[in-house]
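# Working through the structure, step by step
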Amino acid sequence: MYLVIGSLSITILILIMILAGYERQVKDICRQLRFLQAHETNMLITKEINLSGIKELTELLNEHLQQRKKEHSNYLRKERMIADTYTNLSHDIRTPLTSLDGYFQLLESAENEEDKKRYIHIIQERIESLKEMLEELFTYTKLQNETYEVQLSRININHLLKETIFSYYDQWKEQGIIPKLEITEESVYIQGNASALRRVMQNIIKNGLDHGNKEIEICLCKNNETSEIIFKNYVADVEKIDVNRIFDRFYKADEARSKNSTGLGLSIAKGFVEKLSGEIKVEVEQGWFKVTIRFQCV
């Protein structure tokens, strides 16, 4: 009887010691959590005892803390990126705004009707330029949101590409450009978004108009289950282009020829292509600037 009582007493004592250890460890973990809540630090939760429950709790808490730190770091990075975007765009917007003010003053003092018409035309161009810049900013900011999704449907690339090309007919004609087109007669379908894909094509064509020469080639082909759209334009100083930075926001290979550009066009194109589960790459070969876009056909 005494032996049983003695064994029970020892067992109870051991359990009390274990429970006390658990309580002490839980209090210590709570203390560490309060400290981590109050301070910016890379510290993680530590433990003194290695029993399974405490070990699992500590590991789960540390995983949660690391995830929170990662999310916070990404949040700060995006905040800095958006702040840089606004700063750079504010600089780009200042030029057309300043010129607008000047032309409004000229319009106000002009007496000749021809001069008035010319100033009004220039003012309209500056306003359109500002609208495009603000639209670029809005689209770029939207694409940085990881939760932003585009609605997908079955798209005929042939029709969309031809429509987009036709919309630049007057602009090309004005500049004496006759693009070389190679568009397959076979219907090419992808799972995509017409508005997003049109924006990709427009940004690439506009980039070619801003930086390229009068030689432009556009090709659409289908290789097995993959569609490929290729935009090529001849660039006199193609060696100035840093292919590794071409999709960076605000990258402009030639500042003088990019005065009306935000430098976001190709970044936006890349963002939309990735949202559509496609691939986009840039190459420079023998004076040609080449953008290739690939999608899986459906």
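In case you missed it, the structure is sitting above this.
Residues numbered from 1 in each chain as written. Predicted model: local features only at pLDDT ≥ 70, side-chain atom pairs only at ≥ 80, totals over all residues. Heavy atoms only, no water.

## Observations concerning the overall build of the protein
Across its full length, the protein holds seven helices and seven strands. From first element to last, N terminus to C terminus, the protein shows the α and β order α-α-α-β-α-α-β-β-α-β-β-α-β-β. Relative to its 298 residues, the protein shows a buried fraction of 37%. Once local pairs closer than 6 in sequence are excluded, the contacts in the protein between residues at least 24 apart make up 69%. Carbon together with sulfur atoms contributes 52% to the accessible area of the protein, which is approximately 19100 Å² in total. (Helix = DSSP H or I, 4+ residues; strand = E, 2+ residues; numbered from the N terminus. Buried < 20%, exposed > 50% of the residue type's maximum accessible area, 1.4 Å probe, protein only. Contact = heavy atoms within 4.5 Å. Areas by Shrake-Rupley, 256 points an atom, 1.4 Å probe, with all protein chains shown as cover.)

## As for the pattern of salt bridges
All chains considered together, the criterion is met by 16 salt bridges. When the shortest N-O distance is used, the salt bridge between Lys222 and Glu186 registers 3.4 Å. Linking Lys222 in strand E4 (residues 216-223) with Glu186 in the loop between strand E2 (180-183) and strand E3 (189-192), this pair joins segments that are 36 residues apart in sequence. What makes Lys222 partly exposed here is its relative accessible area of 29%. For Glu186, a relative accessible area of 43% corresponds to the partly exposed category. The partner of Glu228 in a salt bridge is Arg294, and the shortest N-O contact between them spans 2.6 Å. Placement of the pair is Glu228 in strand E5 (residues 226-234) and Arg294 in strand E7 (residues 288-296), with a sequence separation of 66 residues. For Arg294, a relative accessible area of 27% gives the class partly exposed. Residues joined in a network through salt bridges with shared partners are Glu135, Glu136 and Arg199. (Salt bridge = Lys/Arg side-chain N within 4 Å of Asp/Glu carboxyl O.)

## Focus on the nonpolar core
Ranked by size, the top nonpolar core spans 46 residues in total, and within it Leu161, Trp172, Leu197, Ile204, Phe231 and Ile293 carry the most contacts. Of all elements in the fold, only helix H3 (113-143), helix H4 (157-167), helix H6 (194-211), E4, E5, helix H7 (265-275), strand E6 (279-285) and E7 reach the threshold of two or more residues within this core. Counting residues per element, this core draws most heavily on H6, which supplies seven residues. Counting six residues, the second largest nonpolar core, distinct from the first, contains Ile29, Leu36, Ile54 and Leu61. (Core = buried A, V, L, I, M, F, W, Y, C linked by side-chain atoms within 4.5 Å.)

## Quick look at the packing of aromatic side chains
Applying the stated criterion to the full structure yields four aromatic pairs. Relative to Trp288, the ring of Tyr234 has its centre 5.7 Å away and its plane inclined at 80°; by these criteria the two rings are edge-to-face. Remark: Trp288 occurs in strand E7 and Tyr234 occurs in strand E5; sequence separation between them is 54 residues. Exposure remark for Tyr234: the relative accessible area of 28% places this residue in the partly exposed category. A relative accessible area of 14% places Trp288 in the buried class. (Phe/Tyr/Trp six-rings, centres within 6.5 Å; stacked < 30°, edge-to-face > 60°.)

## Digging into the pairing of E7
Counting buried residues in E7 gives seven out of nine residues, a clear majority hidden from the surface. Of the pairings in the sheet, the one linking E5 to E7 comprises nine bridges and is antiparallel in character. Residue pairing for E7: Thr226 is matched across the bridge by Gln296. Across seven bridges, the pairing between E6 and E7 is antiparallel. The residue bridging Lys281 from the neighbouring strand is Thr292, located in E7. Counting the residues between successive antiparallel strands, the hairpin from E6 to E7 contains two residues, one of them, Gln286, with a positive phi of roughly 50°. (Pairing = 2+ DSSP bridges.)

## Side note on the side chain of Arg199
With respect to the helices, strands and loops of the structure, Arg199 is situated in helix H6. Looking at Arg199, its side chain comes within polar contact range of the side chain of Glu136, at 2.5 Å. Those residues in contact with Arg199 that lie beyond four places of it in its chain are Glu135, Glu136, Thr139, Ile268 and Phe272. (Polar contact = N/O pair within 3.5 Å; in protein donor to acceptor, adjacent residues only side chain to side chain.)

## Considerations on empty space enclosed by the protein
The method is simple in principle: a probe with the dimensions of a water molecule rolls over the atoms, and the space it marks as empty is what remains. All told, the structure shown has one cavity of 30 Å³ or more when counted by the stated rule. For the largest cavity, the calculated volume is near 100 Å³. Lining the largest cavity we find 14 residues, and of these Ile204, Ile205, Gly208, Ile216 and Asn233 sit closest to its centre. Looking at the lining of the largest cavity, the elements that each hand over two or more residues are H6, E4, E5 and E7. (1 Å grid on protein atoms, 1.4 Å probe; cavity = no way out; pocket = protein on both sides within 12 Å on 5 of 7 lines; lining within 4 Å. Points joined across faces, edges and corners; volume = space filled by probe spheres on them.)

## Considerations on the side chain of Glu136
Along the polypeptide, Glu136 turns up in helix H3. The exposure class assigned to Glu136 is buried, which follows from its relative accessible area of 13%.

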